Amino acid sequence: MVDTLIAGLIHGNAYALVAVGMSLIFGVTNVANFAHGSVFAIGTMLGWWFAATLGWGIVPTLLATLVITSLLGLLINVTVVGPLSKSPPIAALLATIAVGMILDNGSQLVFGPQTRAFPEILPTHNLQLGGVRFGTSDVVMLVITLLSMVGLALFLKLGKSGQAIRATAQDPDAARQMGVPVKRIQNLSFVIASALAGVAGIFVGLFNSNINPASGSTAGLAAFVAATIGGLGSMPGAVIGGLVLGLAEAVGVYWWGDGVRDLITFGVLILVLVVRPSGLLGKRRTIGAEPLTGTFLGGGRPVRLPWWALVALVAAAIAVPFVLGDEVAGVGTQVILFAIAAVGLTLISGSAGQIILGQAGPIAVGAYASALLVITFQLPFLLGLLFGGVVAAIVASLLTFPVWKLSGHYVAIATIGVGAVTVAIIRIAEPITRGSYGLTGIPFPTILGHTLFSQDALYLLDLAVLLVTLLIVTRIRASHLGKAMASIGSDAVAAESLGIRPSAYKAVAYALASFFAGLAGALMAHQYTYIDPTMFPQSMSTLVLTIVVLGGLNSPLGAVIGAIVLVGAPELLRIVPEWRIIGYGLLLILIIRFRPQGVFVRK
């Protein structure tokens, strides 16, 4: 058990190094930098390249990696985050997600996608204490973490630039009026944070032995959880959060196995947020409005099409499989599945103004619920589809019940945890869900005795569900319920003063959004005929949200257009698969930068 605790501290130490940088950026810019994990992964790959290919030692490898990742951080802020400083934080948040996609896939193009051994530039198992083996690399990483924390603390307290960083973190406008060069300070924050991430990448490579250029998203998400547990914006909190998370994971895996790692990681996150909403050392702030909306919601109105245009669009959509063939119809089914989930999301992220980052969870619940009901109880497909949506709504409502008392960024962050916990529960519920093996033999949809297995039949079924979804969501938005939700999205404080309870209406909106996500999952299960937990990653949640942002958070029809652009176009461009995600990331940045209200919304 002692060796488990030490391993947890070592792992937590790595989380802390990355989390400190993430917390520093958040404190100064109020931006949750989701590209930070990708910078960490770039640091890992650079360390491997310098050491394995060029044969450099630990010192030149550290220095070179530190310089390059620092410059990369500066580039990210100057070209992507900085220009969005006047936009709501969701704009910069989504832009950093796009940057992460570009960095992860660019790294795979440069270094190759395969997993490889990290060279042992420092001994990793040469020391022993009380029967526990560890390496010089672990000791050096601990020393570097301590020195970084002490140095950073002294710099922030005594250094002129450090004091400027603290002033900017407290109030950027007041700091600017006092003569603080806020832009330069924000650049400095990105440089320091990215340098720490690069250094952490090298030591985590040494600790894990095997590395992969795609590891950034996982490490970045864990570090983000660590920073949130400690309290976003708090440097000591980031260190404590990293160590707490490392220890919790180590002990949990020791007792219950590696399958519970995600459940522990995100379960601890939700528990901490519910008990102490601002994190262990974070300061509670009074936030009048949800900070992750704004321009996207209030900056425009959905484009309304005349009835004849809608009829023409429906007719064109029906004609797709008959005119363009099975290949396009197959891509069309993918587009429609994501569109169904995205149209539902407009109720909570558009009308109610609450960003949701964990919609993969309800999609997974809908898929498993429908598949299990049809396989186990021989329910008709249509009943399985309906129950898939209902079960997804119930499970999502139960899991998010304690979340709605939170405010600000923490609600959106908690939904990441809810989505991940949902998928983790599915993974460990092996007697029911078959865990990581997944469910096989899921029957194709059968309606009125006819089994639908051809691409055109599946496409038309999905299209019918999408049209019903659009009709229901549009009617809800026009109803009293929809107007109450919209009042919360426009001004939650004003709505509450009129007797509208924001948390209750957000919970209802999320349940509705989860119902439609569950329908999409159920359709997915019966069309793939196989599902497993790896089919519902965090990137699925991100994609659903970005679809809505692209089309316009307040536009159900825009969500369909967003799905066509972000799901359909990359699928059709599979002739250059290695570049399509990079192109997708660039497109997302351009839209956020130049069309922030969405493509199907008028200013």
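Going by the annotation in an unreviewed UniProt entry, the name recorded for the chain is Branched-chain amino acid transport system permease protein, with Brooklawnia cerclae given as the source organism. Annotation of the chain in UniProt includes, under Subcellular location (unreviewed entry), the sentence "Cell membrane".

A. Broad picture of the overall build of the chain. Looking only at helices and strands, the chain features 24 helices and 10 strands. Along the first, second and third principal axes, the C-alpha atoms of the chain reach 70 × 55 × 45 Å. In the chain, buried positions account for 56% of the 603 residues. Intrachain contacts of the chain at a sequence separation of at least 6 include 78% that bridge at least 24 residues. Per element, the accessible surface of the chain, about 24,800 Å² overall, is 68% carbon and sulfur. In the chain, which carries 30 positive and 20 negative side-chain charges, the distance between the mean positions of the two groups comes to 15 Å.

B. The arrangement of empty space enclosed by the protein in detail. Evaluated as defined, the whole model comprises one cavity of 30 Å³ or more. Approximately 30 Å³ is the volume found for the largest cavity. Along the walls of the largest cavity sit Leu-337, Phe-338, Ile-363, Ala-520, Met-524 and Met-540, which together make up its complete lining. Tallied by class, the residues present in the lining of the largest cavity amount to six nonpolar, no polar and no charged.

C. Unusual backbone geometry, seen in detail. Phi at Leu-448 takes a positive value of approximately 55°, unusual for a residue other than glycine. Among the secondary structure elements, Leu-448 is positioned in the loop between strand 7 (446–447) and strand 8 (450–451). One non-glycine residue, Thr-529, lies in the positive phi region at around 60°. Within the fold, Thr-529 resides in the loop between helix 21 (502–528) and strand 9 (530–531). Thr-529 sits in the partly exposed class, given a relative accessible area of 22%.

Conventions we followed
- Residues numbered from 1 in each chain as written.
- Predicted model: local features only at pLDDT ≥ 70, side-chain atom pairs only at ≥ 80, totals over all residues.
- Heavy atoms only, no water.
- UniProt positions renumbered as here; feature names shortened; annotations may be inferred.
- Helix = DSSP H or I, 4+ residues; strand = E, 2+ residues; numbered from the N terminus.
- Buried < 20%, exposed > 50% of the residue type's maximum accessible area, 1.4 Å probe, protein only.
- Contact = heavy atoms within 4.5 Å.
- Areas by Shrake-Rupley, 256 points an atom, 1.4 Å probe, with all protein chains shown as cover.
- Lys, Arg positive; Asp, Glu negative; His and termini not counted.
- Charge placed at Lys NZ, Arg CZ, Asp CG, Glu CD.
- 1 Å grid on protein atoms, 1.4 Å probe; cavity = no way out; pocket = protein on both sides within 12 Å on 5 of 7 lines; lining within 4 Å.
- Points joined across faces, edges and corners; volume = space filled by probe spheres on them.
- Nonpolar A, V, L, I, M, F, W, Y, C, P; charged D, E, K, R; others polar.

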